[in-house]
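These are the residues of each chain, in order.
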Amino acid sequence: MLIRRISFFDEFKCTGAECPVNCCMGWKIPVDYDVYMRYLNEKGLFGAKLRCLLKRNEDTASFRSFRFRCPFWDNDRLCSIQKKRGSEYMPAVCVQFPRQLYHLGFFCEETLYLACPEAAKLFLGSLYHEEPLAYRVMEGEPGYEINTTNDDGEFLGYLMKSRDGLAQMLREGMRYDSMAILDYGRDARNACLAGKDFSTEFPDPLSYHADAQFEMDLQFLDRLIFDGFYHANLRVVSPMLYQLCRKYLRKFYRFGKLDGKAAEKKFADLQQDLYQKFPLLDKLLNRYFEYYLLTNFFDIYEDYSFSKCLVYGMAKTNMIRLFLALYAEKKERVALPEIAELIALYERRAPQIKDTLKKVSY
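Rules used throughout
- Residues numbered from 1 in each chain as written.
- Predicted model: local features only at pLDDT ≥ 70, side-chain atom pairs only at ≥ 80, totals over all residues.
- Heavy atoms only, no water.
- Helix = DSSP H or I, 4+ residues; strand = E, 2+ residues; numbered from the N terminus.
- Buried < 20%, exposed > 50% of the residue type's maximum accessible area, 1.4 Å probe, protein only.
- Contact = heavy atoms within 4.5 Å.
- Areas by Shrake-Rupley, 256 points an atom, 1.4 Å probe, with all protein chains shown as cover.
- Pairing = 2+ DSSP bridges.
- Axes fitted to C-alpha atoms, helices over the stretch in contact; angles between N-to-C directions.
- Polar contact = N/O pair within 3.5 Å; in protein donor to acceptor, adjacent residues only side chain to side chain.
- Expected span 1.5 Å × (residues − 1).
- Arc of directions from axis to C-beta.
- Salt bridge = Lys/Arg side-chain N within 4 Å of Asp/Glu carboxyl O.
- 1 Å grid on protein atoms, 1.4 Å probe; cavity = no way out; pocket = protein on both sides within 12 Å on 5 of 7 lines; lining within 4 Å.
- Points joined across faces, edges and corners; volume = space filled by probe spheres on them.
- Nonpolar A, V, L, I, M, F, W, Y, C, P; charged D, E, K, R; others polar.
- Patch = residues over 30% accessible without salt bridge, like charges linked within 9 Å, V, L, I, M, F, W, Y side chains within 5 Å.

Student: For the overall build of the protein, give the residues involved together with the corresponding values.
Tutor: Each helix and strand counted, the protein has 16 helices and nine strands in total. With respect to the three principal axes, the spread of C-alpha positions in the protein is 65 × 55 × 40 Å. Counting across all 362 residues of the protein, residues that qualify as buried make up 51%. Within the protein, contacts between residues separated by at least 24 positions form 76% of all contacts whose residues are at least 6 apart in sequence. In the structure as shown, the protein presents an accessible area of about 18000 Å², 50% of it carried by carbon and sulfur atoms.

Student: Hey, could you go over the sheet that holds strand β1 (residues 2-6) for me, with residue numbers and the actual values?
Tutor: One open sheet holds the four strands; their spatial order is β5-β6-β1-β7, and the pairing between them is mixed. At either end of the open sheet lies a strand with only one pairing partner, and these are β5 (99-103) and β7 (135-139). On average, each strand axis in the sheet is inclined to that of its neighbour by 20°, with strand direction left out of account. Both β1 and β7 contribute to a ladder of five bridges, which runs antiparallel. Bridge pairing links I3 to M138 in β7.

Student: Please provide a residue-by-residue account of the side chain of R5, values included.
Tutor: By secondary structure assignment, the location of R5 is in strand β1. Given the relative accessible area of 17%, R5 is considered buried. A polar contact is formed between the side chain of R5 and the side chain of E110, at a distance of 2.7 Å.

Student: Can you lay out helix α7 (residues 179-194) for me, pointing to particular residues and giving the numbers?
Tutor: A rise of 1.5 Å per residue sets the reference length of α7, with its 16 residues, at 22 Å; its end C-alpha atoms lie 22 Å apart and thus fit the reference within 8%. A180, I181, L182, D183, Y184, G185, A188, A191 and C192 are the residues of α7 that are buried. Lining the buried residues of α7 we find α6 (153-171), α12 (281-296) and α14 (306-328). You can read the cap of α7 off the contacts: a side-chain oxygen lies 3.1 Å from the backbone nitrogen of A180, and it is on S178. Immediately beyond the C-terminal end of α7, within one or two residues, lies G195, with a positive phi of roughly 70°.

Student: Please set out helix α2 (residues 44-52) residue by residue, giving values where relevant.
Tutor: Those residues of α2 that fall on the buried side of the exposure criterion are F46, G47 and L50. Looking down the long axis of α2, one finds its buried residues gathered within 100° of arc, a one-sided arrangement. Exposed residues pointing more than 90 degrees away from the buried face of α2 are listed as L45 and C52.

Student: Give me the pattern of salt bridges: which residues, what numbers.
Tutor: Under the definition given, this model contains 24 salt bridges. Between E329 and K247 there is a salt bridge whose closest N-O contact spans 3.4 Å. Taken together, the residues E329 in the loop between α14 and α15 (336-349) and K247 in helix α10 (residues 239-252) connect sequence positions 82 residues apart. K247 carries the same exposure label as E329, and that label is buried. Look at the salt bridges and you will find they share partners, linking R5, D10, E110 and R136 into a network.

Student: Explain empty space enclosed by the protein residue by residue, including any values.
Tutor: As enumerated under the stated definition, the model contains two cavities of 30 Å³ or more in all. Approximately 40 Å³ is the volume attributed to the largest cavity. Along the walls of the largest cavity sit L274, F278, L281, L284, L324, A328, V334 and I339, which together make up its complete lining. Secondary-structure elements contributing two or more residues to the lining of the largest cavity are α12 and α14. Of the residues contributing to the lining of the largest cavity, the split by class is eight nonpolar, no polar and no charged. Looking at the second largest cavity, its volume works out to about 30 Å³. When its residues are assigned to classes, the lining of the second largest cavity shows three nonpolar, three polar and two charged.

Student: Tell me about a nonpolar patch on the surface, and name the residues and values.
Tutor: A grouping of Y33, M37 and L40 is seen on the molecular surface, where their side chains present a nonpolar patch of about 270 Å² in accessible area. Looking at the secondary structure, you find M37 in helix α1 (residues 33-40).

If you want it as structure tokens, here you go:
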């Protein structure tokens, strides 16, 4: 089997207790079936603790969280299960994170989730060193199961070719929010609905050009924040993001409402200030969207929703721009580790945007 591995994949090293955004807090920890059964049969006090802290729904099992953190995350910021039994005794998701292992039946792709600050640093390092995002191709036997129910190799080949074309467009200077990208997505979706032939009748993204950008003004971003991103528990789950959301409210709201044209003017000034402190902003945003395509574009292999996939990537990219601008205000400069930490925190909440986009017309 061919395995395509992102170029900086093997450079990742977990920093353990030194990690500023530990993966043991901020989300539910699922427990795979084999590990769940092992925990049920564990002897002694340790087994009793495991069973006490497990909960099972109809289809899934997980650890009970305390203040949105794993109950086995000790005061030394290390995993007590790993210390007692080793990493092979941990849930699969804990062993695997932040590695994204995607088995598509015909080949595999291995990347890193940017929800880990060390992975985000490696991603940013490729930007600073002007190294292209690329895969190393090798042969091997994947130790993980197929992630898809689709077995249409011709469609998958088309998606790979299209993704390469979109990445080429970005590298040649097209902005991540160009209408050309969405025009392509619309036509590809319509071709799917019409049942056209992938090899001859589906559109090629490289044939699309447009000067216009997809409009995501502050009103649009405001909806994404408050319909899916911001919630009461954010203060505990992610104090930094909570403070940035509060800062957003203080800056752009007046008497409980978005302050219209004044807010748009402040937003434009805030972004201009960010450009002064971080001249690589445009390159970062394009690179961020390109990495999104590398890690998420094959979601279309399951649902055929080209437009939904592309708009979600654009929305994610616009939102990280907003949070970076809020974070950088009143700072003299923004260092790479700070940006990496912010990206990691943001990536853990960003999937909530998907649900909001279902309610927003675009």
